[in-house]
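Remarks on the overall topology
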Amino acid sequence: MITITDVHKQFNTLHVLKGISLSVEKGKVVVIIGPSGSGKTTLLRCLNALEIPTSGSVQIGDVKLDFSKKVERTSIPKLRKQTGMVFQNYNLFPHMTAVENVMEGPVTVKKVDKEKARAKAAALLSKVGLGDKLDHYPAQLSGGQQQRVGIARALAMDPQVMLFDEPTSALDPELVGEVLKVMKELAQEGMTMIVVTHEMGFAREVADEVIFMDQGFIVERDTPSNLFAQPREERTRQFLQHLK
Amino acid sequence: MVPSQKYQRNGLVQMSLSSFFENPERLNRWMDIAQSSFLPLLKGALLYSLTIAIASFFIGLIIAVLTALARLSGIKPLIAIARVYVSIIRGTPLLVQLFIIFYGLPSIGLMIDPIPSAIIGFSLSVGAYSSEVVRAAILSIHKGQWEAAYSVGMTYWQALRRVVLPQAARVSIPPLSNSFISLVKDTSLASVVLVPEMFRKAQEVVAATYEPLLVYVEAALIYWMICFVLSIIQDRIENKLDRYV
Ligand SMILES: Nc1ncnc2c1ncn2[C@@H]1O[C@H](COP(=O)(O)OP(=O)(O)OP(=O)(O)O)[C@@H](O)[C@H]1O
Ligand SMILES: [Mg+2]
């Protein structure tokens, strides 16, 4: 489903990703953990070309972009259509209601008929528990509700893969659960997901695999039970120790 | 041909303040002139001043958005063109620009009628001044909004049109509505390119009646009235937009 090959990313002199290779099968949930600045966000953003990797290739579904060569302009939106992204700060469109936020992608990008798009958006919002908030503006919603709209907005494009960048870090503790619950349900339905998070409980319970990143490298990847119980690498051990 | 402007100060009926108020005939005459000139002046204001202001403002806004986008494009020639345009317009008086368009361009065979001349001049002016407002407004929109738009597969133009500009518009409505009100007042400059707008009408009435104080104050009051109504509309719009953002 996803194959990343030797992805490098440099910001001027700062070498943030130093050759990341990774493949994720359809329906798997991969959780990425690691210290601040290790490149987790950058890696996710390289997957939907919000950052253009300096070199390496990214393949999602049947769209493959090789960034070592010159990338065609038209192929970037194609890659983005394969992925749905959920942001730490939600990034909802503040001038649109919840349902308008969700139908915006299908209507503008896929030229779906408005009424059809609205019906689908309403269904998605019901699915994330916001069936009664369709006409609320983001400013009228709690953080947890906004993030669930964010998830629905990403799902509306029928992505092959969902990318989550610390979806619960901006939330008050009592609102974290409602977002994680939606994510768990998605995982159970077989959605392929890559999740950057500090929620170790979520990782333990939902992830098929946990990846530990540090200083632009994938240091270690394993099942959650193995990685949390008996990390092979010293750096992983230190990081996990630090969390407790 | 030079406009027949009579900024005449001699030959007026000169009179001391006290004798003015002791002269009921003069007062009656004022009432008559005020009455008979009010409708023509108002007509000049609504038909020309306001219409020219509205047309110029919309054309100007389109120019402003394009100029702002050029400035933000990162493409050097575009940035340079936009900069030169803004610099020229801001660095020269509007009155001089209007003269160049109306009296200057015919020398190279470009005869433009009074109203189009005025609209061109005012649009270019609005475009330059507002481009800075629009640019600042676009820059004020959080980068995450672009990214969210891109992440659902939008192109640059889709993200701009559907996500960024609507929000930038909200940010720029207060400063832009101020410029619109200024523009309504600036349309009085169109009198020099022979547009029969309110101020030119007022000059005509003065030429016929030799009552400049009365007529110009009357014109001033009409401008004030219009701008007062506009500022009420401005407040309404701002309150409405503030509601959810
Ligand atoms: N656009 C950018 N320009 C320059 N440097 C950047 C840019 N984006 C990220 N960086 C740098 O790249 C490094 C990795 O950043 P990244 O956001 O990927 O880390 P992260 O693992 O997500 O950290 P955190 O846990 O704090 O979110 C950091 O040093 C960051 O300052
Ligand atoms: Mg991050």
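Summary of the structure given here. These numbers were taken from a predicted model, which means no experiment stands behind them. (Residues numbered from 1 in each chain as written. Chains lettered and ligands numbered in written order. Predicted model: local features only at pLDDT ≥ 70, side-chain atom pairs only at ≥ 80, totals over all residues. Heavy atoms only, no water.)

1. Topic: the overall build of chain A
- In terms of regular secondary structure, chain A is built from nine helices and 10 strands.
- Its C-alpha atoms give chain A a radius of gyration of 18 Å, near enough to 18 Å, the size a compact globule of 244 residues would have.
- Judged by the C-alpha coordinates and their principal axes, chain A covers about 55 × 45 × 30 Å.
- Within chain A, the fraction of its 244 residues that count as buried is 57%.
- Taking the contacts inside chain A whose residues are at least 6 apart along the sequence as the reference set, 63% of them involve residues at least 24 apart.
- With an accessible surface of roughly 10,700 Å², chain A has 47% of that area assigned to carbon and sulfur atoms. (Helix = DSSP H or I, 4+ residues; strand = E, 2+ residues; numbered from the N terminus. Rg over C-alpha atoms; globule rule 2.2 N^0.38 Å. Buried < 20%, exposed > 50% of the residue type's maximum accessible area, 1.4 Å probe, protein only. Contact = heavy atoms within 4.5 Å. Areas by Shrake-Rupley, 256 points an atom, 1.4 Å probe, with all protein chains shown as cover.)

2. Quick word on the nonpolar core
- Core analysis: the biggest nonpolar cluster contains 53 residues, and Ile2(A), Ile4(A), Leu17(A), Leu47(A), Val58(A) and Ile194(A) have the highest contact counts within it.
- Contact partners of Ile194(A), with chain neighbours within four places excluded, come to Ile2(A), Val24(A), Val30(A), Ile32(A), Leu44(A), Leu47(A), Met162(A), Leu163(A) and Phe164(A). (Core = buried A, V, L, I, M, F, W, Y, C linked by side-chain atoms within 4.5 Å.)

3. Here we look at helix α4 (residues 114-127) of chain A
Residues and elements named next belong to chain A.
- With 14 residues, α4 ought to run about 20 Å at 1.5 Å a step, and its terminal C-alpha atoms sit 20 Å apart, in line with that.
- Looking at α4, one finds that the buried residues are Ala117, Ala121, Ala122, Leu124 and Leu125. Across the axial projection of α4, the buried residues extend over an arc of 165 degrees, all falling on one side. Away from its buried face, by an angle of more than 90 degrees, α4 presents the exposed residues Glu115 and Lys116.
- Buried residues along α4 sit against α3 (98-108) and α5 (143-155).
- Downstream of α4 by a residue or two, Gly129 has a phi angle that is positive, lying close to 85 degrees. (Expected span 1.5 Å × (residues − 1). Arc of directions from axis to C-beta.)

4. Some details on the interface of chain B and chain A
- At the interface, 19 residues of chain B touch 25 residues of chain A.
- Approximately 1,900 Å² of surface area, both sides summed, lies buried where chain B meets chain A, with 61% of it carried by carbon and sulfur atoms.
- Between the two partners, chain B and chain A, sit two salt bridges.
- If one sorts the elements of the side of chain B that touches chain A by residue count, helix α6 (residues 143-151) of chain B sits on top with seven residues.
- Split by residue class, the side of chain B that touches chain A holds nine nonpolar, seven polar and three charged. (Buried area = accessible area lost by both parts, 1.4 Å probe. Salt bridge = Lys/Arg side-chain N within 4 Å of Asp/Glu carboxyl O. Nonpolar A, V, L, I, M, F, W, Y, C, P; charged D, E, K, R; others polar.)

5. Some remarks on the sheet that holds strand β1 (residues 2-11) of chain A
Residues and elements named next belong to chain A.
- The antiparallel open sheet is built from four strands, whose spatial order is β2-β1-β4-β5. Of all the strands in the sheet, just β2 (14-24) and β5 (63-66) have a single pairing partner and so form its edges. On average, each strand axis in the sheet is inclined to that of its neighbour by 15 degrees, with strand direction left out of account.
- Across five bridges, the pairing between β1 and strand β4 (residues 55-60) is antiparallel. Its bridge partner being in β4, Ile2 is matched across the sheet by Ile60.
- Helix α1 (residues 40-47) contacts β1, β2 and β4 of the sheet and is inclined by roughly 120 degrees relative to β1.
- Its contacts with the sheet put helix α2 (residues 75-82) on β4 and β5, and the angle it makes with β5 is roughly 130 degrees. (Pairing = 2+ DSSP bridges. Axes fitted to C-alpha atoms, helices over the stretch in contact; angles between N-to-C directions.)

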